[in-house]
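Chain by chain, the residues:
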Amino acid sequence: MNEKKIVFSGVQPTGNLHLGNYLGALKNFVSLQKEMKCIYCVVDLHAITTFQKPSELENNVLETVATFLATGINPSKSIIFNQSAVSGHAELAWILNCVSRIGWLNRMTQFKDKAGSDKEKASVGLYIYPNLMAADILLYKASHVPVGADQKQHLELSRDIAQKFNNDFNCKDFFPLPEPLIPKNVSRVMSLRDGTKKMSKSEESDYSRINLKDSAEEIDKKIKKAKSDSEPIPESLKSLEKKHEAFNLISIYSELSKKSISKVLNEMSGKEYSFLKSKLSELLISEIIPVGKEIKRLLADRSHLKQVLQKGAQKANIIAEENLKNIREKVGLI
Ligand code: AMP
Ligand code: TRP
């Protein structure tokens, strides 16, 4: 294990974790445990940048922890905790609010998407959310951050903030510039209903996503109903790339079957998409159903899940306080 390399990532507890979260982030979280010190955070302070019903938030936090455990994150190897339990996140976020620039935040495309047409009505928290994300990462001096492609811009901002802090306070290399770890083939799993939109928790139609708690029947039905293409499966990657929905289904199949896209096309070109769909359903069911079952089993013991969070928060807090001491000193805070 490389002790110098620290992995940090966060998932928002907003319910309905899905195949995009699984392939874009969680699977990577699990495999990184073998090589590096990993810290995985349920980012509840990020979730409340849009209104969350308090009664649902607690359930969603516990469900996210259950999902971490069910996918294979091991709390005796990795630190698992919820963000609000370590107050250093909010403290460093304030300091970084004073380092980050308004012009930088104005470029963030996720804010533009989430705030919609009436930006004046978005919370201030939603606007400065990327600064909190930078604080999450830098609080642990993390060197590597596994995320899906949608977080790339936020990661670049975190690097800019780290660099500006190091320059402003004359402490070269104090914060490492965090590297994004974005999966190559499935960095952006798309909606099953519209191949130009990413699969997301918030899209209205449940047919747009495979949830990790879906039953085998639901998975099968959603894949059968997924948009594909009226022409048979093409031979070349080039012609596939223009067909967003079909490309998405083949990319997911390629990832789950561990075969390259060109190998899949070799095997399937000329066939109808129903052929791909039945194979894809089978693979999804064998991968997702055990995870969903385990999530449900773990959710039956809420006190165990709370204990995992508490223990994790204690460990995270020790690292955070140590780093904050140095950060306060650099800034000149007594
Ligand atoms: P969120 O649920 O927005 O907190 O996302 C948690 C993690 O899942 C982040 O690393 C995201 O980049 C990743 N993620 C979310 N949606 C997708 C998607 N459709 N495809 C790939 N990765 C995703
Ligand atoms: N912004 C991320 C998302 O919406 C979640 C997140 C918060 C995160 N803090 C982070 C991811 C730090 C990686 C590192 O998915």
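Residues numbered from 1 in each chain as written. Chains lettered and ligands numbered in written order. Predicted model: local features only at pLDDT ≥ 70, side-chain atom pairs only at ≥ 80, totals over all residues. Heavy atoms only, no water.

**Describing the domain arrangement of the protein chain**
For step 1, the next point in the chain: With domains assigned, the protein chain is organised as domain 1 (6–187 + 301–331) and domain 2 (206–296).
For step 2, the next point in the chain: Between the C-alpha centres of domain 1 and domain 2 there is a distance of 30 Å.
For step 3, the next point in the chain: Between domain 1 and domain 2 lies a buried interface of about 1,400 Å² when both sides are counted; carbon and sulfur atoms form 66% of it.
For step 4, the next point in the chain: The largest per-residue losses of area from domain 1 upon contact with domain 2 belong to Leu19, Tyr22 and Ala70, which jointly make up 35% of the total buried on that side.
For step 5, the next point in the chain: Where domain 1 packs against domain 2, one counts 2 salt bridges.
For step 6, the next point in the chain: In this structure, Lys213 and Glu63 form a salt bridge, with 3.2 Å as the shortest nitrogen-oxygen distance.
For step 7, the next point in the chain: Joining domain 1 to domain 2, the criterion identifies 5 residue pairs in polar contact (both at pLDDT 80 or more).
For step 8, the next point in the chain: Elements with a minimum of two residues in the side of domain 1 that touches domain 2: α1 (19–32) and α3 (54–71).
For step 9, the next point in the chain: Partitioned by chemical class, the residues of the side of domain 1 that touches domain 2 number 8 nonpolar, 5 polar and 2 charged. (Domains from an automatic or database assignment. Buried area = accessible area lost by both parts, 1.4 Å probe. Salt bridge = Lys/Arg side-chain N within 4 Å of Asp/Glu carboxyl O. Polar contact = N/O pair within 3.5 Å; in protein donor to acceptor, adjacent residues only side chain to side chain. Helix = DSSP H or I, 4+ residues; strand = E, 2+ residues; numbered from the N terminus. Nonpolar A, V, L, I, M, F, W, Y, C, P; charged D, E, K, R; others polar.)

**Side note on the pattern of salt bridges**
For step 1, the next point in the chain: Applying the stated criterion across every chain, the model contains 21 salt bridges.
For step 2, the next point in the chain: For Lys224, the salt bridge goes to Asp220, with nearest N and O atoms at 2.9 Å. One end of the pair, Lys224, and the other, Asp220, are both in helix α9 (residues 216–225), 4 residues apart, so they sit about a helical turn from each other.
For step 3, the next point in the chain: By relative accessible area, Asp220 is classed as partly exposed at 26%.
For step 4, the next point in the chain: Overlapping salt bridges, with partners in common, bring together Asp206, Arg209, Asp214 and Lys222 in one network. (Buried < 20%, exposed > 50% of the residue type's maximum accessible area, 1.4 Å probe, protein only.)

**Thoughts on the side chain of Gln83**
For step 1, the next point in the chain: Mapped onto the fold, Gln83 is located in the loop between β3 (79–82) and α4 (88–97).
For step 2, the next point in the chain: Take Gln83: its relative accessible area is 0%, and that puts it in the buried class.
For step 3, the next point in the chain: At a separation of 3.4 Å, a polar atom in the side chain of Gln83 contacts the main-chain amide nitrogen of Asp44.
For step 4, the next point in the chain: Here His46 takes part through its side chain, which lies 3.2 Å from a polar atom of the side chain of Gln83.
For step 5, the next point in the chain: In this view, Gln83 contacts Cys41, Val42, Val43, Asp44, Leu45, His46, His89, Leu132 and Asp136; residues no more than four positions away in its chain are not counted. (Contact = heavy atoms within 4.5 Å.)

**Brief notes about α3**
For step 1, the next point in the chain: Compared with the 26 Å implied by 1.5 Å per residue over 18 residues, the 26 Å span of α3 between its first and last C-alpha is a close match.
For step 2, the next point in the chain: A positive phi of about 120° marks Gly72, the residue just after α3. (Expected span 1.5 Å × (residues − 1).)

**Thoughts on the packing of α9 against helix α13 (residues 273–299)**
Relative placement of two packed helices is described by the angle separating their axes and the distance separating the axes.
For step 1, the next point in the chain: Where α9 meets α13, the axes come as close as 9 Å, and the angle between the chain directions of the two elements is 150°. Our pair here, α9 against α13, has a crossing hand that is right-handed. Residue-level contacts link Ala216, Ile219, Asp220, Ile223, Lys224 and Lys225 of α9 to Lys277, Leu280, Ser281, Leu284, Ile285, Ile288 and Ile289 of α13. (Axes fitted to C-alpha atoms, helices over the stretch in contact; angles between N-to-C directions. Left-handed = near helix turned anticlockwise from the far one by under 90°.)

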